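# Per-entry structural report
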Amino acid sequence: MIAEVIVDIVHSDVDKIFDYACDETVCAGMRVVVPFGRGTATGFVMRIKQTSDFPAEKLKKIIRAEERFPALTEECLSLARRLAARYLCPQALVLRLFLPAEMRTGKVGEVYRTTAVLAKDDVPLPANATAQRALVSFLRDNAEADAALLREKFGGALKALADKGVVRLEKRRVLRAPYREAETLAPERELTRAQEEAVERIRSTDKTVTLVHGVTGSGKTEIYLALIAEQLRMGRTAIFLVPEISLTPQMLAQLRARFGTSAAILHSGLSAGERYDEWRRLREGEAKIAVGARSAVFAPVEHLGIIVIDEEHDGSYRSESSPRYHTFDIALLRAEYHRCKLVLGSATPSIETYRRAEAGEFQLLSLPERINRRPMPAVEIVDMRQEVRRGNPSPFSAVLREKLARCLEKGNQAILFLNRRGYSQTVICRDCGYVAKCEHCDVSLTYHSEDDCLKCHYCGARYRMPPACPVCGGIHINYVGMGTQRVVGELKKLYPAARILRMDNDTTNGKEGHLRILKSFSAREADLLVGTQMVAKGHDFPFVTLVGILDADMSLHFPDYRSGERTFQLVTQVAGRSGRAEETGEVVLQTYDPENYILRFAAKYDYEGFYRHEIAMREATAFPPFAKIVRVMVTGTDDKEALAALREVYEKLKALYAEESECFLFFNRMHAPIRRIQDKYRYQVLMRLTDEKPLARIYGICAEAEFRHTLVYVEENPANLS
Ligand code: ADP
Ligand code: ZN
């Protein structure tokens, strides 16, 4: 037999099928070790065939299989082929997406446990060997048992029986399942009428995709869980995708409580071993539900019955490394393969998704009310220009301070949202105007008061805070713009008794990360939570009755066609954290631009109104979904080479543009807005396409561009144009 093998080396020269001889223990999807070049390499068996075009005597043999089971299913293999063709990247790179990284590096610690099994039931035992008799009878009832447990119960009898061959001891692999603590299973909840109806409509539609557009707190999660439970009962499996940050203790506990260890939870907080074991549990069918962030869309489940993408609009669903896939596209391919449903949920669907739903491509379901008709929290827009005029220099308006005081008095909790971490945005010398900048990136540095240093938010570099301006020696330093640290400092001054937690990239490092902070806030160990957009997502804190959005303009004026959409989403999501239980919530939205239509729509929770306005504008200006933005990025540490690469790629793209100009709305070469990040120079060719026809050739041009120190890649409708 012959195995077609792709070697696990990412290089265009070896990105092809190699034939190897093999025996019948090898099957498609297995990882194998093969002779390669002068050494060996790991590879993936893509197909088994009977004959090769290669002369049989020259055919090398597969050395061994890495595992006894095929790590990749037939579906994975066919999906991998399609993705490699779509994104024009080496197949090995795509195949790796389907495996836990730990598997490839071979660095997973395995845990074993010894199990005792009754081997021979008919060996006569001496009458006085009571312990041995009791053990045999125990095993008759239980078929098998953990050896450690038996030793504890029956002492030396276990060894005696093992020596006689009555009991056989087997070493077995144990698969760890994290978050086992919530072992008490919770029953399914009774659905509300609206939820019941949504479930029924998803069940009965002939469309593959359903968009559930439900306001925050409308009970979307319960709809997903009901649909998943139904598939499980029918013997099928499920994939439940959430933004990484939504894998909160509450969500995990809720899933474990409902599904026990049928749910495998894949997220970055797990240890390598835990992640590998969860993957194995899915691959072996012991676990039926894959829960996780973006990468869980590649979960190795078979007989897929449903895929759910919660918070569908979230930016984390786009991959930022090659292949730059959108999770939805992969999910759709898998749903079509398995003929199962794909459910998208959001309170603020992305404009692209909503348009497809509106056009009838997806089924559109609306849940306009919260569970038990709880009112949406009232949003008060506060004009910060007036605060400045009144001589209030603090980050909190008078209205917000008053509401904060009342909230604390009542013993409730509040969330303050600000999209900037650190102490100040920039540090400027008041005498000469010097701005502290990163040596490796073309960006200004942020002051962090806790460790009294300057940090680069792009590469993480840290700098000592200079005692005086390095240019003019002046000592009048201005801290411009508020960050979360400074807000916490100001709050401490205003409310010395309040317990304050901060959640941003600086406080969520480490394995536990944000889980610890959310747990603590959830347990009411703090009164106030100050944070960046991390606090906005999906959390359900029943005692939060006030949300303050300190600087709504921050994301509004981001130079990006999506800034309006992102602001609307952010405001709605943050506001949605308020008043989720008995007490009605409030939201204070501070802005220097109170007439802004996006903020106005957001304050009224008018998604439809916002959508109409936004889609009309996108159409008038020919931005997505009416055109596709394609950016070819050229980045490298050697500026000369990067420029040469840019020139080469640009010339080819220009020829393509000349040939197919009717597909292009815009074509331009320039520096990327941030010219250097982490010592890499950045150039771009920016295009806007009205027709995707040239896309494959754009990928082709970039795949051909091979330089030593320069990376060339394509981004489609990038989430971030910096
Ligand atoms: P969403 O995901 O739409 O923001 P959630 O699923 O978090 O909403 O539900 C909001 C709140 O309503 C949660 O506290 C949840 O426990 C509760 N809830 C959801 N469904 C039901 C139900 N059928 N009966 C009672 N409470 C429910
Ligand atoms: Zn930097």
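Remember, predicted model here, so these are calculated numbers, not experimental data.

The next subject is the overall build of the protein. When helices and strands are tallied, the protein shows 22 helices and 30 strands. Since a compact globule built from 722 residues should have a radius of gyration of about 27 Å, the 29 Å found for the protein is in line with a globular shape. In terms of its C-alpha atoms, the protein occupies a principal-axis envelope of roughly 95 × 70 × 60 Å. When each of the 722 residues of the protein is scored for burial, the buried share is 54%. Sequence-distant contacts, at least 24 apart, represent 75% of the contacts inside the protein between residues at least 6 apart. Of the accessible surface of the protein, which amounts to about 32700 Å², a share of 49% is contributed by carbon and sulfur atoms. Computing the positive centroid from 103 side-chain charges and the negative centroid from 97, the protein places the two 3 Å apart.

Turning our eyes to something else, we now look at the domain arrangement of the protein. Domain boundaries in the protein define domain 1 (2-104), domain 2 (111-174), domain 3 (193-372), domain 4 (374-423 + 482-618) and domain 5 (628-716). Each of domain 2 and domain 3 was reduced to a C-alpha centroid, and the two centroids are 44 Å apart.

So, about the site of ligand 1. The local shell around ligand 1 holds 16 residues, among which E190, Q195, G217, K220 and D540 are the closest. Contact distances for ligand 1 include 2.7 Å between an oxygen atom and a backbone N or O atom of G217. In the environment of ligand 1, an oxygen atom lies 3.2 Å from a nitrogen or oxygen atom belonging to the backbone of S218. Within the complex, the protein chains bury 79% of what would otherwise be the 560 Å² of accessible surface of ligand 1. When the residues that make up the shell around ligand 1 are grouped by side-chain class, the tally is 3 nonpolar, 7 polar and 6 charged.

Let's shift gears to the packing of aromatic side chains. The geometry of an aromatic ring pair is captured by the separation of the ring centres together with the interplanar angle, meaning the angle of the planes. One pass over the full model with this rule turns up 22 aromatic pairs. Ring geometry for F298 against Y325: centres 5.1 Å apart, planes inclined by 90 degrees, an arrangement best described as edge-to-face. With F298 in the loop between β12 (289-292) and β13 (304-310) and Y325 in the loop between β13 and α11 (327-338), this residue pair connects regions lying 27 residues apart in the sequence. Residue F298 shares its accessibility class with Y325, and that shared class is buried. Chaining the aromatic ring pairs together yields one cluster made of Y354, F568, Y607, F610 and Y611. The ring of F543 carries R524 above its face, with NZ or CZ at 3.6 Å from the centroid. One cation-aromatic arrangement involves R688 over F623; the distance from NZ or CZ to the ring centre is 4.1 Å.

The next thing to look at is the sheet that holds strand β14 (residues 341-346). Strand order in this open sheet of 7 strands is β11-β12-β10-β13-β14-β9-β15, and the pairing throughout is parallel. The open sheet is flanked by β11 (263-266) and β15 (363-367), the only strands paired with a single partner. Sheet twist, expressed as the average angle between the axes of neighbouring strands with direction ignored, equals 15 degrees. In this sheet, β15 lies alongside strand β9 (residues 209-214) in parallel orientation, the contact comprising 5 bridges. The residue bridging V212 from the neighbouring strand is L365, located in β15. Of the strands in this sheet, β9, β10 (237-241), β12, β13, β14 and β15 touch helix α8 (residues 220-233), which is tilted by about 165 degrees from β13.

Bringing the coordination of the zinc ion (ligand 2) into the picture now. The zinc ion (ligand 2) binds to the protein through C438 (SG), C441 (SG), C456 (SG) and C459 (SG), with metal-donor distances spanning 2.2 to 2.4 Å. One can describe the site at the zinc ion (ligand 2) as tetrahedral: its 4 donor atoms subtend angles covering 103 to 114 degrees at the metal. Mapping the donors of the zinc ion (ligand 2) onto the primary sequence gives the spacing C-x2-C-x14-C-x2-C. Taken together, the residues C441 in the loop between β18 (424-429) and β19 (446-448) and C459 in the loop between β20 (453-455) and β21 (462-464) connect sequence positions 18 residues apart. Take C441: its relative accessible area is 1%, and that puts it in the buried class.

As a further point, take the side chain of Q590. Here Q590 lies in strand β26 (residues 586-591). On the accessibility criterion, Q590 (0% relative accessible area) is buried. There is a polar contact of 2.8 Å between the side chain of Q590 and the backbone oxygen of P395. At a separation of 2.9 Å, a polar atom in the side chain of Q590 contacts the main-chain amide nitrogen of S397. Those residues within four positions of Q590 in sequence are excluded, and the remaining contacts are V382, M384, P395, F396, S397, L400, I549, L550, D551 and A552.

Turning our attention to helix α7 (residues 193-204). Spanning 12 residues, α7 covers 16 Å between terminal C-alpha atoms, matching the ideal 16 Å at 1.5 Å per step. Q195, A198, V199 and I202 are the residues of α7 that are buried. Buried residues of α7, seen end-on, are gathered within an arc of 100 degrees and therefore sit on one face of the element. More than 90 degrees from the buried face of α7, the exposed residues found are R193 and S204. Tucked inside the fold, the buried residues of α7 contact β9, α8, β14 and β15.

So, about the sheet that holds strand β30 (residues 710-716). With antiparallel pairing, 4 strands are arranged side by side in an open sheet as β28-β29-β27-β30. Unpaired on one side and paired on the other, β28 (664-677) and β30 mark the two borders of the sheet. Each adjacent strand pair in this sheet contributes to an overall mean axis angle of 15 degrees, direction not counted. In this sheet, strand β29 (residues 680-689) lies alongside β28 in antiparallel orientation, the contact comprising 9 bridges. Residue F666 lies in a different strand from β29, and its bridge partner there is R688.

The residue R104 is located in helix α3 (residues 101-105) in this model. Judged by relative accessible area, which is 33%, R104 ranks as partly exposed. Expressed as a C-alpha distance, the spacing of R104 and R31, which sit 73 residues apart in the sequence, is 9.4 Å.

What counts, and where the lines are drawn
The residue numbers shown here count from 1 along each chain, following its written sequence. Starting at A for chains and at 1 for ligands, labels are handed out in the order in which the entities are written. Residue-level local features of this predicted model are given only where pLDDT is at least 70; pairs of side-chain atoms are given and counted only at 80 or more, and the full residue set underlies all totals for whole chains, interfaces and linings. Each side-chain value is derived from all of the structure's non-hydrogen atoms; neither hydrogens nor water enter the calculation. Counting from the N terminus, the helices are DSSP H or I runs at least four residues long and the strands are E runs at least two residues long. The atom set for the radius of gyration is the C-alpha atoms, and the globule formula is 2.2 Å times the number of residues raised to the power 0.38. Any residue under 20% of the maximum accessible area for its type is buried, any over 50% is exposed, and the rest in between are partly exposed; the area is computed with a 1.4 Å probe on protein chains only. It only takes one pair of heavy atoms within 4.5 Å for two residues to be counted as in contact. Computed with the Shrake-Rupley method and a 1.4 Å probe, the accessible areas treat only the protein chains shown as cover for residues. Neither His nor the chain ends is counted toward charge; the positive residues are Lys and Arg and the negative residues Asp and Glu. Charge positions come from single atoms, namely NZ of Lys, CZ of Arg, CG of Asp or CD of Glu. Reported domain spans reflect what an automatic or database domain assignment gives. One heavy atom within 4 Å of a molecule or strand makes the whole residue count as near it. In protein, a polar contact requires one atom able to donate a hydrogen and another able to accept it; more generally it is a pair of N or O atoms within 3.5 Å, and residues adjacent in sequence count only if both atoms are side-chain atoms. Any residue outside Ala, Val, Leu, Ile, Met, Phe, Trp, Tyr, Cys, Pro, Asp, Glu, Lys and Arg is labelled polar, Gly included; the first ten of those are nonpolar and the last four are charged. Two rings from Phe, Tyr or Trp (for Trp, the six-membered ring) form a pair when their centres sit within 6.5 Å of each other. Planes less than 30 degrees apart are called stacked, planes more than 60 degrees apart edge-to-face, and all others tilted. In this scheme, the term charge over a ring applies when either NZ of a lysine or CZ of an arginine sits within 6 Å of the ring centre and within 35 degrees of the ring normal. Pairing between strands requires that DSSP locate at least two bridges from one strand to the other. Convention adopted: a line fitted to C-alpha atoms gives each axis, helices being fitted over their contacting stretch, and angles between N-to-C directions are expressed from 0 to 180 degrees. Shown as donors are all N, O and S atoms within 2.8 Å of a metal ion, widened to 3.2 Å for Na, K and Ca; because water is not in the atom set, sites may appear incomplete. Angular criteria define each label, namely tetrahedral for four donors with all angles between 85 and 135 degrees, square planar for four and octahedral for six donors with opposite donors over 155 degrees apart and remaining angles between 65 and 115, and irregular for whatever fails these tests. What a helix is expected to span follows from its residue count: subtract one and scale by 1.5 Å. Starting at the helix axis, one direction is taken to each C-beta atom, and the arc is that of these directions.

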